[in-house]
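Below, each chain spelled out in residue letters.
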Amino acid sequence: MASTKELLQMDLYALLGVEGTATEKEVKKAYRQKALTCHPDKNPDNPKAAELFHQLSQALEVLTDAAARAAYDKVRAAKKQAEERNRRLDDKRKKIKLDLEARERQAEAEAQKREEFNITRTLEEEITRLREEGSRQLQEEQRLIQEQIQKEREWRLNAQSTHADFSSAPQDYRKVTPKLKLKWKCKKDDDTNGGYSQEVLQGLLQKYGDILNIIVSSKKKGSAVVEFATVRAAELACKNESGLTGTPLKITWLEGQPANTDPTAPNNSSQNSLSTERDYESLVLMRMRQAAERQKLIEQMQQEDEEEETVKT
C-alpha cells in the first residue's frame, strides 16, 4: 500500500480516469471499472496489478470522503500552482538566455564588421601607396630607359664609324635570349605530330640547361621554337641533341647565336653593323613596349579609382 507521501504525489483523479469536478457517484463508477480489470484474482501472475488495485482503493477512500477530498484538492491545487510558477520561471530563464545569446551574437557581428572595415581600410591605403610608388617607379624606369637608349645610340654611331665588334656593346644591349628552331618529319594527318609535344621536347632538352619557353607550332606540323636561359645551354642542345629514334630533329639557330659558332659565316663590318642595327631596334622596341604596358596599367588603376569615387558619391 502506498504511503501518504507517495499518495500525495499521485494524481488520484487521473488514476481513476475522472475530472476534478466528478461527483461521488462518478468516482465510485470509475473505481469499479478500473478495479475489475486489475483485480489480483484476475491477474495472479502480475504483481503490478495488485499494486494498482491498492492505489485505486486508496483513491476511492480519499475522493469519497468530503474532508479528505477537500484537503487533497488543496494540496493538488498548490502543486499545480507550483508547477505553473516553475514553468513560467523556466520560460523566463529561457527568454533571458535567448536574449543573452542574441546580444552576444550581435556584439560578435559588430566586432567582425569593425575588423573587416579596418582590414579594408588598410588594404585601400596599401593599394594607394603601391600605386603612388608604382607611378614613381615608372617614371624612374622611363628615365633609365631614355638614358640607356641614349648610350646605345652613341655606341651604335661610334661602332658604325669605327667598325667596332658587337661584343664591345653595353651589356644590356648585348643581352639577346638564345632561341633554336626545331624541325622534324611529320605527315599532315599525324595527330601525334611525329611523337613530339611540348612535354617531350622539354624532357629531351632540359638536360642541357634551363628552358624559358617551348612553342610547338599548331599550324605547321613538325616545327617548334625553344628559348633557352643561356647561350651555353643552346649551344649544347644544337650540337648534341638528335631527337627521337626514327624521327630525328634538325636544330638551327634562330636568335642569339654566338659569333664563332659558325666558322663558315663571313666576318665583315657590314654584316656586323647590320646585326647590331637589328639588335638595337629590337631592344628599343622591347623597352618601349614594356614602358607602354606599365603606363597602361597605371591608367587602368587610376580609372578604377575614378569609377569607385563616382559610385561612392
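Relevant structure appears above.
Residues numbered from 1 in each chain as written. Predicted model: local features only at pLDDT ≥ 70, side-chain atom pairs only at ≥ 80, totals over all residues. Heavy atoms only, no water.

Peer 1: What's the story with the side chain of S223 in this structure? I'm lost.
Peer 2: Residue position: S223 is located in strand β3 (residues 223-228). With near-sequence residues (within four places) excluded, S223 lies in contact with K181, L182, W184, V216 and S217. (Helix = DSSP H or I, 4+ residues; strand = E, 2+ residues; numbered from the N terminus. Contact = heavy atoms within 4.5 Å.)

Peer 1: Can you help me understand the pattern of salt bridges in this one?
Peer 2: Between side chains of opposite charge, a pair can form when the charged atoms approach closely. Applying the stated rule across the entire model yields eleven salt bridges. The closest approach of N and O atoms between D11 and R76, which form a salt bridge, is 3.3 Å. Placement of D11 in the loop between α1 (4-9) and α2 (12-16) and of R76 in helix α5 (residues 66-162) is noted, with a sequence separation of 65 residues between them. Take D11: its relative accessible area is 32%, and that puts it in the partly exposed class. (Salt bridge = Lys/Arg side-chain N within 4 Å of Asp/Glu carboxyl O. Buried < 20%, exposed > 50% of the residue type's maximum accessible area, 1.4 Å probe, protein only.)

Peer 1: In this structure, what is going on with the packing of helix α3 (residues 24-38) against helix α4 (residues 47-63)? I would like to understand it.
Peer 2: If you want to describe how two helices pack, look at the angle between their axes and the distance between the axes. Two numbers describe how α3 lies on α4: the axes approach to 9 Å, and their chain directions differ by 170°. As the angle between them shows, α3 and α4 are arranged roughly antiparallel. Each of V27, K28, Y31, K34, A35 and C38 in α3 lies in contact with α4, whose residues at this interface are A49, A50, L52, F53, L56, S57, L60 and L63. Grouping the constituent residues of the contact of α3 with α4 by class yields eleven nonpolar, one polar and two charged. (Axes fitted to C-alpha atoms, helices over the stretch in contact; angles between N-to-C directions. Parallel < 35°, antiparallel > 145°, perpendicular 65-115°, else oblique. Nonpolar A, V, L, I, M, F, W, Y, C, P; charged D, E, K, R; others polar.)

Peer 1: What should I look at first to understand the sheet that holds β3 in this one?
Peer 2: Backbone-to-backbone hydrogen bonds pair the strands of a sheet. The strands run either parallel or antiparallel. Overall, antiparallel pairing links the four strands, which are arranged β2-β3-β1-β6 in an open sheet. In the strand order of this sheet, the two ends are held by β2 (211-216) and β6 (250-255), each with one partner. Across the sheet, the mean angle separating the axes of adjacent strands is 20° when strand polarity is ignored. Strands in contact with helix α7 (residues 198-205) are β1 (179-183), β2 and β3; relative to β2, the strand with the most contacts, it is inclined by about 140°. (Pairing = 2+ DSSP bridges.)

Peer 1: In this structure, what is going on with α3? I would like to understand it.
Peer 2: The terminal C-alpha atoms of α3 lie 21 Å apart, and with 15 residues this matches the ideal 21 Å at 1.5 Å per residue to within 8%. Among all positions of α3, only V27, A30, Y31, A35 and C38 are buried. The arc enclosing the buried residues of α3, seen along the axis, measures out at 130°, which places them on a common side. Along α3, the residues that are exposed and aim more than 90 degrees away from the buried face are K25, Q33, L36 and T37. (Expected span 1.5 Å × (residues − 1). Arc of directions from axis to C-beta.)

Peer 1: What's the story with α7 in this structure? I'm lost.
Peer 2: Helical periodicity: at 3.6 residues per turn, an α-helix aligns residues three or four positions apart in one direction. Taken together, the buried positions of α7 are occupied by L201, L204 and L205. Projection of α7 onto a plane perpendicular to its axis shows the buried side chains occupying an angular sector of 85°, all on one side.

Peer 1: So what exactly am I meant to see when it comes to the packing of aromatic side chains here?
Peer 2: Centre-to-centre distance and the angle between the planes together describe a pair of aromatic rings. According to the stated counting rule, one finds two aromatic pairs in the structure shown. Their ring planes at 45° and their centres at 4.7 Å tell us that W184 and Y196 sit as a pair that is tilted. Linking W184 in the loop between β1 and α7 with Y196 in the loop between β1 and α7, this pair joins segments that are twelve residues apart in sequence. Judged on exposure class, the residue W184 and its partner Y196 are both buried. (Phe/Tyr/Trp six-rings, centres within 6.5 Å; stacked < 30°, edge-to-face > 60°.)

Peer 1: I'm lost on unusual backbone geometry in this one. Help?
Peer 2: For residues that are not glycine, phi is negative in most cases, and the peptide bond is trans in most cases. Phi is positive for N193, close to 55°, though the residue is something other than glycine. Mapped onto the fold, N193 is located in the loop between β1 and α7.

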